[in-house]
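# Secondary and tertiary structure notes
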Amino acid sequence: MKRPFVTKTAIDVRYAETDQMGVVHHSNYFIWFELGRGELIKEMGFHYADMEKDGVLSPIADIHASYKRPVHYGETVTIHTWVEHYDGLRVVYGYEVVNEEGVTCVTGSSTHVCVKKDTFRPIAIRKHFPAWHEAYLRITASE
């Protein structure tokens, strides 16, 4: 499937991200997903920090990773990030970690909802953040 809007974030694998075998520890992929997600949102013209200033958080409701090939210390990988699905309430981001040879090492997704910070009650993105809503619709238009 051709994705309409994909950001690419380069990551130089640091020693601290690896286990005793020099392989990236699985928990670090979720951090890399977050870096990719932040870059995608920035390229859309927004920042999570602005949302938080308005008293809204965007917690993860679900997250997955599928490990295809190990990544090692000293390698550079690229995190490809896109919006897999958006329905006005939930956003599902997709991720692919690709090594320097162009081989997919990890794929994943994370589902997010927006909630009021003080009550943790869900809110509709389309209602409370219409500019974000329009941008999500625009980048998922060719699904």
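Attention here is on the structure that accompanies the text. Every chain begins its residue count from 1, and numbering advances along the sequence as written. Where totals are concerned, whole chains, interfaces and linings use all residues; where local detail is concerned, this predicted model gives features only for residues with pLDDT of at least 70, and gives and counts side-chain atom pairs only at 80 or more. Heavy atoms throughout the structure, all of them, feed into the side-chain values; hydrogens and water do not.

## Re the pattern of salt bridges
Side-chain pairs of opposite charge can arise where the charged atoms are in close proximity. Definition used for salt bridges: Asp or Glu carboxyl oxygen within 4 Å of a side-chain nitrogen of Lys or Arg. Under the defined criterion, the tally for this structure stands at four salt bridges. For Glu 17, the salt bridge is made with Arg 14, and the minimal N-O distance between the two is 2.6 Å. Exposure categories follow from relative accessible area, calculated using a 1.4 Å probe and restricted to protein chains: below 20% of the type maximum is buried, above 50% is exposed, and the middle band is partly exposed. Overall, Arg 14 belongs to the exposed group, its relative accessible area being 53%. Two residues, Lys 53 and Asp 50, come together in a salt bridge whose shortest N-O distance is 3.8 Å. Of this pair, Lys 53 and Asp 50 both sit in helix H2 (residues 48-53), separated by three residues, roughly a single helical turn. Classification of Lys 53 by relative accessible area gives exposed; the value is 68%. Numbering of helices and strands runs from the N terminus; a helix is a DSSP stretch of H or I covering at least four residues, while a strand is a stretch of E covering at least two.

## Topic: helix H4 (residues 130-139)
Listing the buried residues of H4 in full gives Trp 132, His 133, Ala 135, Tyr 136 and Ile 139. Down the axis of H4, the buried side of the element spans an arc of 165 degrees, and every buried residue falls inside it. The directions considered for the arc run from the helix axis to the C-beta atoms.

## Topic: the packing of aromatic side chains
Classification of ring pairs uses Phe, Tyr and Trp, with its six-membered ring standing for Trp, and accepts pairs whose centres are within 6.5 Å; under 30 degrees between planes counts as stacked, over 60 as edge-to-face, and the remaining range as tilted. Applying the stated criterion across every chain, the model contains eleven aromatic pairs. Relative to Tyr 136, the ring of Trp 132 lies with its centre 6.3 Å away and its plane at 50 degrees, an arrangement referred to as tilted. A residue pair is termed a helical-turn pair when its members lie 3 or 4 positions apart in one helix, as Trp 132 and Tyr 136 do in helix H4 at four residues. Take Trp 132 and Tyr 136: they sit in the same class, and that class is buried. In textbook terms, an aromatic cluster arises when at least three aromatic residues are bridged by ring pairs, as seen for Phe 46, Tyr 48, Tyr 86, Tyr 93, Phe 129, Trp 132 and Tyr 136.

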